[in-house]
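Architecture at a glance
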Amino acid sequence: LHDALPILFRSLSFSAANVVSFLMYFGMFGSIFLLSQFFQVAQGYGPFDAGLRTLPWTGMPAIVAPLAGAFVGRLGARPIVVAGMVLMAVGLAWLVAIMSATTPYTSLVPAFVVSGTGMGLFFAPIANAVLSSVSRDEEGKASGATNTIRELGGVFGVAVLASIFVAHGSYASPASYVDGLRPAVTLGTIIVAIGALVALALPGRVAATPAAAEERGVAFEVEQVDEV
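Residues numbered from 1 in each chain as written. Predicted model: local features only at pLDDT ≥ 70, side-chain atom pairs only at ≥ 80, totals over all residues. Heavy atoms only, no water.

**Overview of the packing of helix H6 (residues 60-75) against helix H8 (residues 105-132)**
Here is the rule we go by: Every axis corresponds to a line fitted to the C-alpha atoms, with the helix fit spanning only the stretch in contact, and the corresponding angles, defined between N-to-C directions, vary from 0 to 180 degrees. Helix and strand assignments come from DSSP, with helices taken as H or I runs of at least 4 residues and strands as E runs of at least 2, each series counted from the N terminus. The scheme is simple: roughly parallel for angles under 35 degrees, roughly antiparallel for over 145, roughly perpendicular for 65 to 115, oblique for anything else. Here a crossing is taken to be left-handed if its near helix is turned anticlockwise relative to the far helix by less than a right angle, and right-handed if that turn runs clockwise. Contacts were defined at the residue level, with two residues in contact if any of their heavy atoms lie within 4.5 Å.
At a minimum axis distance of 7 Å, the contact between H6 and H8 shows a crossing angle of 40°. Our classification of the angle between H6 and H8 gives oblique. Viewed along their axes, H6 and H8 form a crossing whose handedness is right-handed. Residues Met60, Pro61, Val64, Ala65, Ala68, Gly69 and Val72 of H6 form the contact with H8, whose own contacting residues are Val113, Gly116, Thr117, Met119, Gly120, Leu121, Phe123, Ala124, Pro125 and Asn128.

**Some words on a nonpolar patch on the surface**
Selection rule: Candidates for patches are residues over 30% relative accessible area with no salt bridge; among them, like charges are joined within 9 Å and nonpolar side chains (Val, Leu, Ile, Met, Phe, Trp, Tyr) within 5 Å. Values of accessible area rely on a 1.4 Å probe in the Shrake-Rupley scheme; residue burial ignores everything except the protein chains shown. Salt bridge, as used here, is a side-chain nitrogen of Lys or Arg placed within 4 Å of a carboxyl oxygen of Asp or Glu. Exposed residues in this analysis have more than 50% of their type's maximum accessible area, buried residues have under 20%, and partly exposed residues fall in between, with area computed by a 1.4 Å probe over protein chains only.
A surface patch of nonpolar side chains, about 320 Å² in accessible area, is lined by Phe48, Leu52 and Leu55. In this structure, Leu52 sits in helix H4 (residues 47-53). Since its relative accessible area comes to 40%, Leu52 is described here as partly exposed.

**Here we look at the confidence of the model for the protein chain**
Which entries qualify depends on this criterion: Each residue carries a pLDDT score, the predictor's confidence in it, ranging from 0 to 100.
Chain-level pLDDT for the protein chain is 86 on average; 86% of the residues reach the 70-or-more range. Overall, residues 207-222 carries pLDDT values under 50, and its contacts beyond four positions in sequence, including any with other chains, amount to 25 contacts.

**Re the environment of Leu35**
Looking at the secondary structure, you find Leu35 in helix H2 (residues 12-35). The class for Leu35 is buried, based on a relative accessible area of 6%. In sequence terms Leu35 and Leu181 are 146 residues apart; their C-alpha atoms lie 7.5 Å from each other. Setting aside anything within four residues of it in sequence, one finds Leu35 in contact with Trp57, Leu92, Leu95, Met99, Leu181 and Val185.

**Comments concerning the pattern of salt bridges**
Scanning the entire structure with this criterion turns up 2 salt bridges. Between Glu139 and Arg136 there is a salt bridge, with the nearest N and O atoms lying 3.8 Å from each other. A residue is classified by how much of its surface remains accessible, and Glu139, at 16% relative accessible area, is buried. Residue classification places Arg136 among the exposed positions, given a relative accessible area of 56%. Between Arg150 and Glu151 there is a salt bridge, and its shortest N-O distance comes to 3.7 Å.

**Looking at the packing of H2 against helix H9 (residues 139-168)**
The following threshold applies: Only Asp, Glu, Lys and Arg are considered charged, only Ala, Val, Leu, Ile, Met, Phe, Trp, Tyr, Cys and Pro nonpolar, and every remaining residue, Gly among them, polar.
Where H2 contacts H9, the axes come no closer than 7 Å and their chain directions differ by 35°. The way H2 lies across H9 gives a crossing that is right-handed. Of the residues that constitute the contact of H2 with H9, the class distribution is 16 nonpolar, 9 polar and 1 charged.

**A closer look at the nonpolar core**
Cut-off, in case you're wondering: What we call a nonpolar core is a set of buried Ala, Val, Leu, Ile, Met, Phe, Trp, Tyr and Cys residues that are connected through their side-chain atoms within 4.5 Å.
With 54 residues, the main nonpolar core has Met24, Met28, Phe38, Val81, Met85 and Phe122 as its most contacted residues. Looking at this core, the elements that each hand over two or more residues are H2, helix H3 (38-41), helix H7 (77-98), H8, H9 and helix H10 (174-198). Counting residues per element, this core draws most heavily on H2, which supplies 12 residues. Apart from residues no more than four positions distant in its own chain, Met28 is found in contact with Leu23, Trp57, Met88, Leu92, Ser115, Met119 and Val192. With 6 residues, the next largest nonpolar core counts Met60, Val64, Ile80 and Leu121 among its residues.

So this is what it looks like as structure tokens:
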């Protein structure tokens, strides 16, 4: 694997897909780490009730990802991933704009749906972009490298965004929590938006048929959706 990685990253598609994955997990999952605590810390709900309120967000990938996978072979990864990244950035920016300790839940739901839809559009196409950029015998190495990169993106995202949160707010009160949440999620929004620009380097079409594209990406897609 150590010897194969430099060869894999010579592919523009493979490199671009992994940079996009890193930026998506950095910005989105770093933001989710903080946003998932909002209902408990800022609005006083218990863990179960807080989890139920995030379902419009976390449930959307389960609905959208299979639909996105069905269109990868026809449209290619680039337009779908770009659309997904843009929707995620819009959803995060929307949350930053309306977030306060007293924001009604009904005002948050549309932003959750937009972000969740963007995540659903991301998983299958990015998996296909990675696997279609390498030969069949390199798919295991490519998948392993991509899994590692996206995990690193999530780790760095949580660490960096949490540091920004601590610099501007705290868990002392609902208002203080939101004070830290806004700048942290703002950075997450910017990172995801940069990822949308990088995604323009992905291939517009892949050689595989829609059925083959779905077959090659399905295991990778399911793994990522389960992670959400």
